[in-house]
Amino acid sequence: MKKQLAYFINIEGVEGVGKSTAREYISEYLNNAGVDFVLTREPGGTQIAEAIRDVLLSHHTEVMSDDCELLLMFAARAQHIARVIRPALAAGKWVVCDRFTDTSYAYQGAGRGLGQQRVAGLEQWVHADLQPDVTILLDAPVELGLERIKQRSAKDRIEEEGLGFFQRIRDCYLQRAKTFSERYRIIDASQSLENVQAQLAQLLQGMLA
């Protein structure tokens, strides 16, 4: 990978693979390395985008349509890109984002069955010229991830989906990792925390070298 001043990194994976833990480790690693960076998430990252996140993940008596879910994801993303991601990269800061558009391909395109073309159209509209430099895919069997999230006090609206939904998501991620192998880095999230962090450290060390 060609060394550059500011990297855009996104972290992806199905529920329960340890994205939050990985995000915290990456943050600590970059802090210790003296890297100026922004840590953010999707959906969310700004006041408006976080409000949209609440609508997306909360339980409602009204059933949310799949199209509504996809459009809300990109509405939040458009705001996030305009107010956080682009300004940070323009200022020479790294951006570490918990989820980005790969999530929409996996969750809405594959999981909801809306198709890749519909997501691609929105991607072209919202950020055609902006793509992550590195996509960290934390991969583990779906059954393992779902077992882990059983320990959470309450599941959000999307976490309550079934095994088939999440299997389609994982399959999509793995296919995208093959298609975009130049930016995807797959990390085996079924391993011990120490092994996962060692893989993350090796990746980050290579980017900083």
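Before reading further, recall that the structure is shown in the block above.
An account of the accompanying structure is given in this report.

As for the packing of aromatic side chains
Counted according to the given criterion, the structure contains 5 aromatic pairs. The interplanar angle of 75° and the centroid separation of 5.0 Å between the aromatic rings of F8 and F100 together place this pair among those described as edge-to-face. Of the two residues, F8 sits in strand β1 (residues 8–12) while F100 sits in the loop between β3 (94–98) and α4 (101–111), which places them 92 residues apart along the sequence. Considering the side-chain rings of Y25 and Y29, the 6.2 Å spacing of their centres and the 45° angle between planes classify their relative orientation as tilted. With Y25 and Y29 both in helix α1 (residues 19–32), this residue pair falls 4 residues apart, about one helical turn. For Y29, a relative accessible area of 22% corresponds to the partly exposed category. Grouped by ring-pair contacts, the aromatic residues Y107, F165 and F166 constitute a single cluster. We note R77 situated over the ring of F74; from NZ or CZ to the ring centre the distance is 4.6 Å. Its guanidinium or amino end placed over the ring of F180, R183 lies 5.1 Å from that ring's centre, counting from NZ or CZ.

With respect to the packing of helix α3 (residues 66–90) against α4
Contact geometry of α3 with α4 gives a least axis separation of 11 Å together with a crossing angle of 175°. Classified by the angle their axes make, α3 and α4 are roughly antiparallel. Along the contact surface, α3 presents E69, L70, M73, F74 and R77, while α4 presents T101, T103, S104 and Q108. By residue class, the composition of the contact of α3 with α4 is 3 nonpolar, 4 polar and 2 charged.

Here's the deal with the pattern of salt bridges
Scanning the model with the defined rule gives 16 salt bridges in all. Its salt-bridge partner being E15, residue R99 comes within 3.4 Å of it at the nearest N-O pair. With R99 in the loop between β3 and α4 and E15 in the loop between β1 and α1, the pair connects residues that are 84 residues apart, well separated along the chain. Across this residue pair, the class does not change: R99 and E15 are buried. The partner of R118 in a salt bridge is D67, with the nearest N and O atoms 2.6 Å apart. Taken together, the residues span a long stretch of sequence, with R118 in helix α5 (residues 116–127) and D67 in helix α3 at a distance of 51 residues. On the accessibility criterion, R118 (43% relative accessible area) is partly exposed. The partly exposed category is assigned to D67, whose relative accessible area is 37%. A cluster of three or more residues bridged by salt bridges with shared partners is formed by D66, E69, R112, R157 and E161.

Calculation criteria
Residues numbered from 1 in each chain as written. Predicted model: local features only at pLDDT ≥ 70, side-chain atom pairs only at ≥ 80, totals over all residues. Heavy atoms only, no water. Phe/Tyr/Trp six-rings, centres within 6.5 Å; stacked < 30°, edge-to-face > 60°. Helix = DSSP H or I, 4+ residues; strand = E, 2+ residues; numbered from the N terminus. Buried < 20%, exposed > 50% of the residue type's maximum accessible area, 1.4 Å probe, protein only. Lys NZ or Arg CZ within 6 Å of the ring centre and 35° of its normal. Axes fitted to C-alpha atoms, helices over the stretch in contact; angles between N-to-C directions. Parallel < 35°, antiparallel > 145°, perpendicular 65-115°, else oblique. Contact = heavy atoms within 4.5 Å. Nonpolar A, V, L, I, M, F, W, Y, C, P; charged D, E, K, R; others polar. Salt bridge = Lys/Arg side-chain N within 4 Å of Asp/Glu carboxyl O.

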